[in-house]
Amino acid sequence: MSATATPLRARRRPPREAAGSPLLLGHGRLPRALAGTALVVLAVVWLVPFLWAVVTSVQSEEDINTTGLWPFKGAFTLDAYQQILERGNVSVWAFNSFLIAGLVTLITVVVSTLAAYGFSRGTFRGRRALLAVTVAAIMVPPQLLVVPLFEQMLLFNLVDTYAAVILPQVVAPMMVFILKRFFDAVPKELEEAARIDGASEFRVFASIVLPLSRPIVAAVSIFVFIGAWNNFMWPFIVTNDPDLMTLPVGLATVKDAYGIEYAQSMASALLAALPLIVVFLFFQRRIVNSVATTGLGGS
Amino acid sequence: MTTTAPPGAEEQTDAPAADAGGRRTAARRIPTGNGIVFVLPFLLVFGLFMVWPIVQGLWMSFTDSSLALRDTNFVGLDNYTEAFGDPDVWSSLGNTVFFTVISSVPLVLVALAMALLVHSGLAGQWAWRLSFFAPYLLPVTVVTMIWTWLYQPELGMANQLLDTLGMEPVGWLSDESVAMWSVAALTVWWTVGFNFLLYLAALQSLPTTFDEAAALDGAGAWRRLWSITLPQLRRTTGLVAMLQILASLKVFDQIYILTKGGPNGSTRPVLEYVYDVGFTGYRLGYASAVSYLFFALVVLISLVQFRLFRRED
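Residues numbered from 1 in each chain as written. Chains lettered and ligands numbered in written order. Predicted model: local features only at pLDDT ≥ 70, side-chain atom pairs only at ≥ 80, totals over all residues.

Scanning chain A from N- to C-terminus turns up 14 helices and zero strands. Going residue by residue from the N terminus, the α and β elements of chain A occur as α-α-α-α-α-α-α-α-α-α-α-α-α-α. (Helix = DSSP H or I, 4+ residues; strand = E, 2+ residues; numbered from the N terminus.)

Laid out in structure tokens, this is it:
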């Protein structure tokens, strides 16, 4: 799907997602076997916490507490999932998470793309200075802003609203910077032709530059979405109403209430984990490539 | 990544339209204005939700602003002098630095090992990538719920595993000398996937010519790894390490949910201290001062890294 536009910026990336370089190992049997073993061991270590959570979630609390889990003696049951879904909170939080992460992504991408284009092609006074300030802002840890932002939300009377959760998250200097770098590399000949034909600057942007930038915009969207979906500290501070909480925040508030109900705790954790894992399965190549596309990796 | 800003790319648009060249000047100048309208929406949110809080926070750090009282007085540098003499600031700062060291090192090295192994061309690429990257997609609460259960003293997997091996159980989250290591292990599991992808992308874009030449000359896999591939990855390693250190310094979420900074403050990072002082203790002014001191430290570290990074090139 990316095939149409990547060449613009493509470094020497292999045309297909390469099966790695066989050269790295040579043809020897031994290095191959060693590497394979190491890989399997690492993968198992990385998957075990998931498996442990899954196994826990499909047992009854009694079985977990009496026999322990090792070596998984209990009988299979979906009670924990049923109880979680009946309680209803998790679905409200999942809805909030989708809504909030979706809106944050939409607004951030629109605002940042426009700004990046303006910074890349604009000739207005103070452009360089504003760009420098934007780049410097990448360094600011978001936590630094939390206290004054909260005061600001009190002032605007926005505490405990979707707006309060969403608005401060749409400022993404990093994304502006990444997009600007991409636009800088788009050849200007195409645009100049359109400009001579009298196309408005917005027209040039929307019908020439933007279509060429689909991969980078997709990459930025994915990262903004993951970031917003998983964001914890700000939504945690600015929402007290359980009906407005996102999944991470909601689960954190009831985590202790579950007490020793491990099956339910794991069931809700897995339900909360599911959406992004599914997204990843669908967009795996896009996500992996986007790391390279954003220019974070490689050269 | 700020290092790679391409100043060269700007020359073209920056060239003043007034030059006598004539022919192409009309095309250079944007006919419908100078492009500032494109930047305005961003400037609006940037000003409101970035510049305003930065300035406001700085102002607050010189006041006794509090969530409990609406009356705010200017107190000069009092908050800063207090912070320098506050043992909790120093101990939480120490915890942050300790966490940064013990998490960043494995987060870079394990990511590198994973990427090299996956890149070596064994079958099942997508499965390896999924296993290593999937945890990165989990919200912090999910990660801490799973690990709280793994670390559970009697029934948790970690201690059951030790029990099976005939070893004494460990107080993963309750033993002061162990808790931070447990937090670091969780963090490595959770976030290594991102660094792994950075390395993988870098490996896939490396030119293979040197590797091929060395292979023709009969260099073994091990030797080529040390003498060719790893040196080629130096820039990437610099970048990954830089991003990782900055990310680790900002640790808060997982610790706050997992241990609330305990046992006995042994895992409390400086940002949690800011939160505790500001939102639990209501002292917003003092919390702002501490967070600005922390920010100064982050900027300092960034500048040092930036210097080192530049010299490497």
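That covers the picture; the talk isn't over yet.
Looking now at the overall build of chain B. When helices and strands are tallied, chain B shows 15 helices and zero strands. Per-residue burial over chain B gives 41% buried out of 313 residues. (Buried ≥ 20, exposed ≤ 12 C-beta atoms within 10 Å, placed from the backbone.)

Here we come to unusual backbone geometry. With the exception of glycine, most residues fall at negative phi, and the peptide bonds are largely trans. Residue and element names in this part refer to chain A. The phi dihedral of aspartate 160 is positive, around 65 degrees, even though this residue is not glycine. Following the sequence through the fold, aspartate 160 ends up in the loop between helix H6 (142–155) and helix H7 (162–166). Looking at aspartate 160, the number of C-beta atoms within 10 Å reads 14, which means it is partly exposed.

At the junction of the two partners, chain B supplies 90 residues and chain A supplies 99 residues. Here the element with the most residues in the side of chain B that touches chain A is helix H3 (residues 36–60) of chain B; it accounts for 15 residues. (Contact = placed C-beta atoms within 7 Å.)

We now examine the packing of helix H4 (residues 89–121) of chain A against helix H11 (residues 214–230) of chain A. All names here are of chain A. Close contact between H4 and H11 brings their axes to 9 Å; oriented N to C, the two are set at 140 degrees. Comparing the axis directions of H4 and H11 gives the class oblique. Classified by chirality, the crossing of H11 by H4 is right-handed. Taking contact as the criterion, the partners of Ser97, Ile100, Ala101, Val104, Thr105, Thr108, Val109, Ser112 and Thr113 in H4 are, on H11, Val217, Val220, Ser221, Val224, Phe225, Ala228 and Trp229. (Axes fitted to C-alpha atoms, helices over the stretch in contact; angles between N-to-C directions. Parallel < 35°, antiparallel > 145°, perpendicular 65-115°, else oblique. Left-handed = near helix turned anticlockwise from the far one by under 90°.)

Residues and elements named next belong to chain B. One way to put it is that helix H5 (residues 87–119) packs onto helix H9 (residues 179–204) with a least axis distance of 6 Å and a crossing angle of 40 degrees. With respect to each other, H5 and H9 are oriented oblique. With respect to the hand of their crossing, H5 and H9 are arranged in right-handed fashion. Each residue belonging to the contact of H5 with H9 can be placed in one class, and the counts come to 22 nonpolar, six polar and no charged. (Nonpolar A, V, L, I, M, F, W, Y, C, P; charged D, E, K, R; others polar.)

This next bit is on helix H11 (residues 221–232) of chain B. All names here are of chain B. Of the residues making up H11, those classed as buried are Ala221, Arg224, Ile228 and Thr229. Buried residues of H11, viewed axially, fall in a sector of 85 degrees; they line one side. Opposite the packed face of H11, turned more than 90 degrees from it, sit the exposed residues Trp222, Arg223, Trp226 and Pro231. (Arc of directions from axis to C-beta.)

Right, let's get into the environment of Ile138(A). With respect to the helices and strands, Ile138(A) occurs in the loop between helix H5 (127–137) and H6. C-alpha separation for the pair Ile138(A) and Val176(A), spaced 38 residues apart in sequence, amounts to 9.9 Å.

The next subject is the nonpolar core. Most often, soluble globular proteins keep nonpolar side chains buried together rather than apart. Counting 158 residues, the largest nonpolar core has Val220(A), Ala115(B), Phe196(B), Tyr199(B) and Val290(B) as its most contacted members. For this core, the leading source of residues is H9(B), giving 18 residues. Discounting chain neighbours no more than four positions away, the residues touching Tyr199(B) are Ala111(B), Leu112(B), Ala115(B), Thr236(B) and Val240(B). (Core = buried A, V, L, I, M, F, W, Y, C linked by C-beta atoms within 7 Å.)

What follows deals with the environment of Val240(B). Residues and elements named next belong to chain B. Mapped onto the secondary structure, valine 240 falls in helix H12 (residues 234–249). The buried category is assigned to valine 240, around which 25 C-beta atoms lie within 10 Å. Once residues within four sequence positions are removed from consideration, valine 240 is found in contact with Val108, Ala111, Asn195, Leu198 and Tyr199.

Attention now moves to the confidence of the model for chain B. Residue and element names in this part refer to chain B. On average, chain B scores 82 in pLDDT, and the residues at 70 or more come to 89%. This stretch, residues 1–32, has a pLDDT under 50; its non-local contacts, to residues over four places away or in other chains, come to 30 contacts. For this predicted complex, the interface confidence reaches an ipTM of 0.81, while the overall pTM sits at 0.81. (pLDDT = per-residue confidence, 0-100.)

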